[in-house]
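# Commentary on secondary and tertiary structure
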Amino acid sequence: MSGLLLDVAVQPSSVGPPVRAARYLRGGPQLPRADFQLRPVPSGFAPQEQEYQQALLLVVALAGLGLGLSLIFIAVYLIRFCCCRPPEPPGAKSPPPGGGCVTWSCIAALLVGCTGIGIGFYGNSETSDGVSQLSSALLHANHTLTAIDHLAHPCAQVLEMVERLDEAVRTELTTLEEVLTQRTELVAATRGARRQAEAVAQQLQGLAFWQGVPLSPVQVAEDVSFVEEYRWLAYVLLLLLELLVCLFTLLGLAKQSKWLVIVMTVMSLLVLVLSWGSMGLEAATAVGLSDFCSSPDTYILNLTREETGLGSDILNYYFLCNQAVSNPFQQRLTLSQRALANIHSQLQGLEREAVPQFPSAQKPLLSLEETLNVTEGNFHQLVALLHCRGLHKDYGAALRGLCEDALEGLLYLLLFSLLSAGALATALCSLPRAWALFPPRNPSASCSGSHLSEPFLHARLEPVPHLRSFPSCRRRPH
């Protein structure tokens, strides 16, 4: 899996710096892929296509093949050790040659496994951080979208402005027309303000692009967090299980306890199977994620278009957010701003011309100006929210979390599985030979610890000058 190390620049054509996939990956999308019939498959991310799914399953199958080869090698080695061992000469009391090397090789393998466990904890944390960043970006994007809709009901902010203008058209402007019936030019200005207000209301209604969209960023974030929570917990349990196996195996070797070493040998076999299984899942996920991160825009645009039904102009504006893509709401915003400016100027003209002659027109004019000021404030806030900068920033943060931290963490988890599989396979080959060197318990010992010798070294039954035992235990003479 070392070919997965790449440095792919994800180009969202953003206004900021490009998102970079995991710094250690190079050549991941260039790795050959094949389906079950060994036909080449393009490296583009296409999880909905059967050939691409088969290519990822083939990566998982490679890990299964590695597990099978490991088990076969261990079985052959142990059968050869048990059945082809040369007979010991009668009366031999010295350990067979190479016994110490076998024990120390087992210890070294277990220490390598402990190192891999530390790498696994780091990779699990990195992956969790990346997924958490993805979830946070989705929640912030949902906050931006609901802010456009006034954080309550779909299009509440837009509808509030529309309702205010409609109410102004129905009440204040109608009252002004009735008051100013004697001045036709003032009635014409009032009707012009009415048409402008109706035009603004019509333009604002088309700005609520997220109304009725079935896709919810909050639901996606909750689903991602739910899956990540159980993935993180599963890896923590796997890491703790392997750590306990390594520690208790070292303890069994130190105490020369056959039953503990035998139990840990069986547990090592179980963890070996789990390590190869996790390696297959990690490799397939890393391959798919590297394909996705090499060119995410096209896939995300197509998927979002299918799920939401939004137009390509809106999606390109928010996902790409560069000068080559124009704002799809620019014309509506420009017309609305001009209409609001015209209404404002017409109301000022009516205030100068009509109030001195028609004092009763002052109250509806003041009410109209207040409505216009509120509408202009909401309009400017809506313009800022509709700009692509905010949502595109969330999009970039989601990609960075997925294509930097999460992918990097996956690679560390892959390294952990590889080290664990190698270390456990070595330990499984060494442990039976190590416990065969353990001396039998001395029934004449005065305490249960009298059979202990120098940790990790073979002890013979007859006493030797350099042998150390616990201070409270003395050997009886034979």
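Located above this text is the structure these notes cover.
Below or above, wherever it landed, is the structure these notes cover. What you see is a predicted model; the values in this text were computed from it and never measured.

## Regarding the pattern of salt bridges
- By the definition in use, this model includes one salt bridge.
- A salt bridge links Glu228 to Arg231, with the nearest nitrogen and oxygen atoms 2.8 Å apart. Highlighted residues: Glu228 and Arg231, both in helix H6 (residues 217-255), separated by three residues, approximately one helical turn. Arg231 matches Glu228 in its accessibility class, with the two residues each being buried.

## What to know about the packing of aromatic side chains
- For the coordinates displayed, the defined rule picks out nine aromatic pairs.
- Here the aromatic rings of Phe319 and Tyr395 are separated by 4.9 Å at their centres, their planes lie at 75 degrees, and the arrangement is edge-to-face. Linking Phe319 in helix H9 (residues 312-320) with Tyr395 in helix H12 (residues 388-436), this pair joins segments that are 76 residues apart in sequence.
- Among the aromatic residues, those joined into a cluster by ring pairs are Phe45, Tyr52, Phe292 and Tyr299.

## What about the packing of helix H1 (residues 50-83) against helix H7 (residues 258-294)?
- Here H1 crosses H7 at 155 degrees, and the two axes come no closer than 9 Å. Here H7 runs roughly antiparallel to H1, going by the angle between their axes. In the packing of H1 onto H7, the handedness of the crossing is right-handed. Here Tyr52, Leu56, Val59, Val60, Ala63, Gly66, Leu67, Ser70, Leu71 and Ile74 of H1 come into contact with H7, specifically with Leu269, Leu272, Val273, Trp276, Met279, Gly280, Ala283, Ala284, Val287, Gly288 and Asp291.
- When the residues that make up the contact of H1 with H7 are grouped by side-chain class, the tally is 16 nonpolar, four polar and one charged.

## Topic: helix H11 (residues 362-386)
- Here H11 contains 25 residues, and its C-alpha end-to-end distance of 36 Å stays within 8% of the 36 Å for a straight helix at 1.5 Å per residue.
- Of all the positions in H11, only Pro364, Leu365, Leu368, Glu369, Thr371, Leu372, Thr375, Asn378, Phe379, Leu382, Leu385 and Leu386 are classed as buried.

## A closer look at the environment of Leu269
- By the element assignment, Leu269 lies in helix H7.
- Sequence separation between Leu269 and Leu71 is 198 residues; the distance between their C-alpha atoms is 8.9 Å.
- Those residues in contact with Leu269, other than ones at most four positions away along the chain, are Leu71 and Leu428.

## With respect to the nonpolar core
- Ranked by internal contacts, the top residues of the largest apolar core, which has 54 residues, are Phe209, Phe292, Tyr318, Phe329 and Leu386.
- By size, the runner-up hydrophobic cluster in this structure holds 17 residues, among which are Ala63, Ile74, Val271 and Leu272.

## Points about a nonpolar patch on the surface
- Together, Phe226, Val227, Tyr230, Trp232, Leu233 and Leu237 give the surface a local cluster of nonpolar side chains, amounting to about 650 Å² of exposed area.
- On the secondary structure map, Phe226 appears in helix H6.

## Topic: the environment of Gln53
- Tracing the sequence through the fold places Gln53 in helix H1.
- Of the residues examined, Gln53 reaches a relative accessible area of 38% and is grouped as partly exposed.
- Setting aside residues no more than four positions away along its own chain, Gln53 makes contact with Pro47 and Gln48.

## Regarding the state of the cysteines
- In total, this model carries two disulfides according to the counting rule given.
- Across the disulfide from Cys293 sits Cys403; the S-S distance is 2.0 Å. In this structure, the disulfide formed by Cys293 and Cys403 twists by about -90 degrees around the S-S bond and is classed as left-handed. Taken together, the residues span a long stretch of sequence, with Cys293 in helix H7 and Cys403 in helix H12 at a distance of 110 residues.
- With relative accessibility at 0%, the residue Cys293 sits in the buried group.
- Looking at Cys403, the relative accessible area reads 0%, which means it is buried.
- The thiol sulfur of Cys246 is not disulfide-bonded, and the nearest other cysteine sulfur, from Cys114, lies at 4.3 Å.

Calculation criteria
Residues numbered from 1 in each chain as written. Predicted model: local features only at pLDDT ≥ 70, side-chain atom pairs only at ≥ 80, totals over all residues. Heavy atoms only, no water. Salt bridge = Lys/Arg side-chain N within 4 Å of Asp/Glu carboxyl O. Helix = DSSP H or I, 4+ residues; strand = E, 2+ residues; numbered from the N terminus. Buried < 20%, exposed > 50% of the residue type's maximum accessible area, 1.4 Å probe, protein only. Phe/Tyr/Trp six-rings, centres within 6.5 Å; stacked < 30°, edge-to-face > 60°. Axes fitted to C-alpha atoms, helices over the stretch in contact; angles between N-to-C directions. Parallel < 35°, antiparallel > 145°, perpendicular 65-115°, else oblique. Left-handed = near helix turned anticlockwise from the far one by under 90°. Contact = heavy atoms within 4.5 Å. Nonpolar A, V, L, I, M, F, W, Y, C, P; charged D, E, K, R; others polar. Expected span 1.5 Å × (residues − 1). Core = buried A, V, L, I, M, F, W, Y, C linked by side-chain atoms within 4.5 Å. Patch = residues over 30% accessible without salt bridge, like charges linked within 9 Å, V, L, I, M, F, W, Y side chains within 5 Å. Areas by Shrake-Rupley, 256 points an atom, 1.4 Å probe, with all protein chains shown as cover. Disulfide = S-S within 2.5 Å.

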